[in-house]
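Remarks on the overall topology
Listed below are the residues making up each chain.
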Amino acid sequence: MEEQKYLQSARITLRAPEPTDIDFMFHIENDTRMWNVSACKTPYSRYLLHKYITENSHDIYTDRQLRLMIETTNGEIAGAIDLIDFNPTSRRAEVGIVIEKERRGKGYANETLELVKQYASEILDLHQLYAYVFTDNLAACKLFKNAGFSVTAELKDWEFRNKKYRDVYLFQLILEQ
């Protein structure tokens, strides 16, 4: 019987951040266009990112979050996925994902979510994953729907961005145990 591989598919591997990932992380964390769809609203220095990589325990139970880099089979970074606001009592975590612009629309996000769903269910023993998505972010809405998430709420005027309030969908996925 073949042993189950987690966090790996034929095209990608999800792994912990390395110091060599700082330039990629610096790029995504400081891309102000991304600030409109993320919780980040301030720039990060390379120093802070290096400190995060080297001093973070990378244990979701300790840090209450986990970042995984999405690496292609040829060793290039396609993006990153975060499990944040981890709640071990309720066994749930929020999902955030970013794919490098040149790799969007090529299935990397779908593949990554499938790997994370399996890992969250079988290794982390989570009951639920959820995501907040702006209602006008059609690509992200399609991604989460295709991954089996359901819209369970529309939150009116939830986020204030660019001097106006924006509506957000709450996507939830109850993981099979």
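Look a little higher up for the structure.
Our subject in this report is the structure included herewith.

1. So, the environment of Gly75
Structurally, Gly75 can be placed in the loop between strand E2 (66-72) and strand E3 (77-87). Classification of Gly75 as partly exposed rests on a relative accessible area of 47%.

2. Here's the deal with the pairing of E3
Most of E3 is tucked away: eight of the 11 residues are buried. Pairing of E2 with E3, which is carried by six bridges, proceeds in the antiparallel orientation. Opposite Glu71, over in E3, you have Ile77 as the bridge partner. Taking the residues between adjacent antiparallel strands as the criterion, E2 and E3 are bridged by four residues, where Gly75 takes a positive phi near 85°. Where E3 meets strand E4 (residues 92-99), seven bridges bridge the pair, whose relative direction is antiparallel. Counterpart to Leu83 in the pairing with E4 is Val95. If you look at the hairpin formed by E3 and E4, you'll find four residues sitting between the two strands, and Arg91 has a positive phi there, around 55°.

3. Section: the nonpolar core
Leu14, Leu83, Leu126, Leu129 and Phe144 are the most contacted members of the largest nonpolar core, which totals 35 residues. Elements with a contribution of two residues or more to this core: strand E1 (12-15), E2, E3, E4, helix H4 (108-122), strand E5 (128-134), helix H5 (138-146) and strand E7 (164-174). The greatest single-element share of this core, amounting to seven residues, is contributed by H4. Ignoring any residue separated from it by four or fewer positions in sequence, one finds Leu129 in contact with Leu83, Ala93, Val95, Val116, Lys117, Ala120, Phe149, Phe171, Gln172, Leu173 and Leu175.

4. A look at a nonpolar patch on the surface
There is a patch of nonpolar side chains on the surface, built from Tyr44, Tyr47 and Leu48 and spanning about 330 Å² of accessible area. Tracing the backbone shows Tyr47 in helix H2 (residues 46-55).

5. Some points on the side chain of Arg161
Structurally, Arg161 can be placed in strand E6 (residues 150-161). Here Glu159 takes part through its side chain, which lies 3.0 Å from a polar atom of the side chain of Arg161.

6. Observations concerning the pairing of E4
By the bridge criterion, three bridges tie E4 to E5 in an arrangement that is parallel. Considered in E5, the bridge of Ala93 is made with Leu129. Crossover E4 to E5 through H4 is right-handed.

7. Quick look at the pattern of salt bridges
Going through the model one piece at a time under the given rule, you end up with 13 salt bridges. For Asp23, the salt bridge goes to Arg46, with nearest N and O atoms at 3.2 Å. Of the two residues, Asp23 is situated in helix H1 (residues 22-29) and Arg46 in helix H2; the sequence distance between them amounts to 23 residues. Given a relative accessible area of 41%, Arg46 falls into the partly exposed group. Note that Glu159 and Arg161 form a salt bridge whose closest N and O atoms lie 3.0 Å from each other. Residue Arg161 is classed as buried on the basis of its relative accessible area, which comes to 6%.

8. Brief notes about the sheet that holds E1
Strand pairing in a sheet relies on backbone hydrogen bonds, with the paired strands running either antiparallel or parallel. A sheet is described by the order of its strands in space; here seven strands give the open sequence E1-E2-E3-E4-E5-E7-E6, paired in mixed fashion. Each edge of the sheet is formed by a strand with only one pairing partner; in this case those strands are E1 and E6. Strand-to-strand twist across the sheet, computed as the mean angle between neighbouring axes with direction ignored, equals 25°. Each of E2, E3 and E4 touches H1; the most contacted strand, E2, lies at about 110° to it.

Reading the values: rules and limits
- Residues numbered from 1 in each chain as written.
- Predicted model: local features only at pLDDT ≥ 70, side-chain atom pairs only at ≥ 80, totals over all residues.
- Heavy atoms only, no water.
- Helix = DSSP H or I, 4+ residues; strand = E, 2+ residues; numbered from the N terminus.
- Buried < 20%, exposed > 50% of the residue type's maximum accessible area, 1.4 Å probe, protein only.
- Pairing = 2+ DSSP bridges.
- Core = buried A, V, L, I, M, F, W, Y, C linked by side-chain atoms within 4.5 Å.
- Contact = heavy atoms within 4.5 Å.
- Patch = residues over 30% accessible without salt bridge, like charges linked within 9 Å, V, L, I, M, F, W, Y side chains within 5 Å.
- Areas by Shrake-Rupley, 256 points an atom, 1.4 Å probe, with all protein chains shown as cover.
- Salt bridge = Lys/Arg side-chain N within 4 Å of Asp/Glu carboxyl O.
- Polar contact = N/O pair within 3.5 Å; in protein donor to acceptor, adjacent residues only side chain to side chain.
- Right-handed = clockwise from strand over helix to strand, strands pointing away.
- Axes fitted to C-alpha atoms, helices over the stretch in contact; angles between N-to-C directions.

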